[in-house]
Amino acid sequence: MTSLTFDEYRSHFTEAPGFLDFARWGPPSDLVARNAVTALGVLSNDIPDVESMRSYQDDALSMAARMTGRSGPDSAVFTSSTSAGLFQLAFALSGGPDAELLVSPKEFPANVYPWVRAAERGGPRVTWLRTPDGRVTPDAVAAALTPSTAALAVSAVDFRTGYRADLAGLREVLGERLLLLDGIQGFGACDVDWSLCDAVVVGGQKWVRSSWGTGFISLAPRGQDRLGSGLSGFSGVENPTLYDDSLHETLTTAGRLAMTNPDLVAASCLAAALTLIDGITVSAIDREIQLRVEALLDVIENLGGATIVPLAPGERSGIVSFRLPGATAEQIGGALAEVGVVASVRGDYVRLSPHATTPLSSTDAVDKALRSLSH
């Protein structure tokens, strides 16, 4: 797709103006929906032309590799979700119990259980990286490193606080150790240097806006060299369609992490979503999101509220988690719903997460709702 203006990009989306919950779900574009319908149409023909759909797979992997700073499509492989991709990485991480994997217990559970399950079955032991507010900073990681540390698992954006990880700082303190990234809350919305990470796992149903069942794993050269085959299945080997009753050699590319053939309908959705992101650019999306985040922060602060963890401008993503004095999270969520704002109520705080397509006027609705509580 050629370059898009912001208006052209926004015209592909039809979510309600008050939808501010992209950290939970990103409504897909009309282009994604059309690709899915077209793909299903091909597969429902009297003689389905499955091979013609391989172009979706090739396009999606090529874009995923390029957008994460890799050299070619062989650096990326499909996965059905962030959770599935992280399990693939966890079981591919070598070193056994003599090695350790650093991860914060405050990570989203999808970035916790795979490492624990792999350790239970003989993989690197899990060492908890505990910090006061859950932020995984370079200083905290540096203080936790030992000679046994093989890798750090961390999110590009923390699902709770919205903290945008300092990837450059983490890369520096880790040195040759592996930096394994859960990218679902950042990819497609945060303009960061993904090439700093040895592996990036992305599910497409949030900021990428390609719906459920879509995702990819992208490996840097060090990741390709150091990670094993893990849960590799028949599609992760040489000549997978040669049925000769023998085990085949595992691929040396990122494709070795494949457990099965990709869902080509899902591939069509991912290709469409990445095409739109590529057309407008992530940097443009990031700028628009930050305008909306700053406007929401102004409203919250003017009414005496505060984010659950203070973040500097460079640490912010598209997530604004906050509390308001004198009101419970349930009361805040109810007031927002009354004016048509969709948000997530999480324990004792409320999480707002606007996208570039969110109208700036949605801030007025948030202001109205919060003022009704303060009065």
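Calculation criteria
Every chain's residues receive numbers from 1 upward, in the order its sequence appears when written. Per-residue local features of the predicted model are confined to residues with pLDDT of at least 70, and side-chain atom pairs are confined, for both listing and counting, to 80 or more; whole-chain, interface and lining totals are unaffected and use all residues. Side-chain measures were taken over the full set of non-hydrogen atoms in the model, leaving aside hydrogen atoms and water. Every helix listed is a DSSP run of H or I at least four residues long, and every strand listed is a run of E at least two residues long, numbered separately from the N terminus. As a reference, a globule follows 2.2 Å times the number of residues to the power 0.38, and the radius of gyration itself is taken over C-alpha atoms. Remark: exposure states derive from per-residue accessible area (1.4 Å probe, protein chains only) relative to the maximum for the residue type, with buried under 20%, exposed over 50%, and partly exposed in between. Contacts are assigned to residue pairs with any non-hydrogen atoms lying within 4.5 Å of each other. Under the convention used here, a 1.4 Å probe and the Shrake-Rupley method define accessible areas, while residue burial counts only the protein chains that appear. For patch detection, residues must exceed 30% relative accessible area and be free of salt bridges, and they are connected within 9 Å for like charges or within 5 Å for nonpolar side chains (Val, Leu, Ile, Met, Phe, Trp, Tyr). When a carboxyl oxygen of Asp or Glu is within 4 Å of a side-chain nitrogen of Lys or Arg, the pair counts as a salt bridge. For two strands to count as paired, DSSP must find a minimum of two bridges between them. Think of it like this: strands point away, you trace from the first strand over the helix to the second, and a clockwise trace means the crossover is right-handed. To define axes, lines are fitted to C-alpha atoms, for helices over the stretch in contact only, and angles between the resulting N-to-C directions are given on a 0 to 180 degree scale. Classification of ring pairs uses Phe, Tyr and Trp, with its six-membered ring standing for Trp, and accepts pairs whose centres are within 6.5 Å; under 30 degrees between planes counts as stacked, over 60 as edge-to-face, and the remaining range as tilted. Consider the ring centre and the ring normal. A charge sits over the ring if Lys NZ or Arg CZ is within 6 Å of that centre and within 35 degrees of that normal.

**Remarks on the overall build of the chain**
Thinking step 1. For the chain, the helix and strand inventory stands at twelve helices and eleven strands.
Thinking step 2. In terms of overall dimensions, the chain is globule-like: its C-alpha atoms have a radius of gyration of 21 Å, near the 21 Å expected for 375 residues.
Thinking step 3. On the principal axes, the C-alpha backbone points of the chain span a range of 75 × 60 × 30 Å.
Thinking step 4. A buried classification covers 55% of the 375 residues belonging to the chain.
Thinking step 5. Relative to all contacts within the chain whose residues are 6 or more apart in sequence, the contacts with residues 24 or more apart total 72%.
Thinking step 6. In the form shown here, the chain has an accessible surface area of approximately 15,800 Å², with 53% of it arising from carbon and sulfur atoms.

**Topic: a nonpolar patch on the surface**
Thinking step 1. Taken together, the side chains of L40, L43 and V50 present a nonpolar region at the surface, about 220 Å² in accessible area.
Thinking step 2. Classification of V50 by relative accessible area gives partly exposed; the value is 34%.

**Section: the environment of V309**
Thinking step 1. Note on placement: V309 falls in the loop between β8 (306-307) and β9 (320-323).
Thinking step 2. V309 sits in the buried class, given a relative accessible area of 8%.
Thinking step 3. Taking the C-alpha atoms as reference points, V309 and S321, separated by twelve residues in sequence, lie 8.1 Å from one another.
Thinking step 4. In this structure V309 touches D133, R135 and T161, once residues within four positions along its chain are discounted.

**Things to note about the pattern of salt bridges**
Proximity of charged atoms lets side chains of opposite charge pair with each other.
Thinking step 1. Enumeration according to the criterion identifies 18 salt bridges in this entry.
Thinking step 2. In this structure, the salt-bridge partner of R34 is D30, at a minimum N-O distance of 3.4 Å. With R34 and D30 both in helix α2 (residues 30-43) and four residues apart, the pair spans about one turn of that helix.
Thinking step 3. A relative accessible area of 30% means that D30 is categorised as partly exposed.
Thinking step 4. One salt bridge in this structure joins R371 and D367, with 3.0 Å as the shortest N-O distance. A residue pair is termed a helical-turn pair when its members lie 3 or 4 positions apart in one helix, as R371 and D367 do in helix α12 (residues 362-374) at four residues.
Thinking step 5. Taking relative accessible area as the criterion, R371 reaches 35% and is therefore assigned partly exposed.
Thinking step 6. The structure contains a network of salt bridges with shared partners spanning R171, E176, D198 and R222.

**Observations regarding the pairing of strand β3 (residues 125-128)**
Walk down a regular strand and you will see the side chains alternate between the two sheet faces.
Thinking step 1. Note: strand β2 (residues 100-103) against β3, four bridges, orientation parallel. In the sheet register, V103 faces β3, and the bridge partner there is W128.
Thinking step 2. Tracing the backbone out of β2, into helix α5 (residues 113-120) and back to the parallel element β3 gives a crossover that is right-handed.

**Topic: the sheet that holds β3**
Thinking step 1. Strand order in the open sheet made by the seven strands is β1-β7-β6-β5-β4-β2-β3, with mixed pairing throughout. Strand pairing shows two members of the sheet lacking a second neighbour, β1 (76-78) and β3, which therefore form its edges. Across the sheet, the mean angle separating the axes of adjacent strands is 20° when strand polarity is ignored.
Thinking step 2. Judged from the three bridges that link them, strand β5 (residues 178-182) and strand β6 (residues 199-203) form a sheet pairing that is parallel. Bridge assignment links L181 to a residue of β6, and that residue is V200.
Thinking step 3. Against the sheet, helix α4 (residues 82-90) contacts β5, β6 and β7 (215-219), and its axis sits at roughly 155° relative to β6.

**Notes on the packing of aromatic side chains**
Thinking step 1. Taken as a whole and assessed by the stated rule, the structure comprises eight aromatic pairs.
Thinking step 2. Here the aromatic rings of F19 and F22 are separated by 5.1 Å at their centres, their planes lie at 90°, and the arrangement is edge-to-face.
Thinking step 3. Residue class for F19 comes out buried when judged on its relative accessible area of 10%.
Thinking step 4. Consider the rings of F187 and F216, whose centres lie 5.2 Å apart with planes at 80°: the pair is edge-to-face. On the criterion of sequence distance, the pair formed by F187 in the loop between β5 and β6 and F216 in strand β7 is long-range, its members being 29 residues apart.
Thinking step 5. With a relative accessible area of 1%, F216 lands in the buried category.
Thinking step 6. One aromatic cluster in this structure is built from F19, F22 and W207.
Thinking step 7. Taking NZ or CZ as reference, R135 lies 5.7 Å from the ring centre of Y163, over its face.
Thinking step 8. Taking NZ or CZ as reference, K206 lies 5.5 Å from the ring centre of F108, over its face.

**Observations concerning the pairing of β9**
Thinking step 1. Relative to β9, β8 runs antiparallel, the two sharing two bridges. Among the inter-strand pairings, T307 is bridged to a residue of β9, identified as F322.

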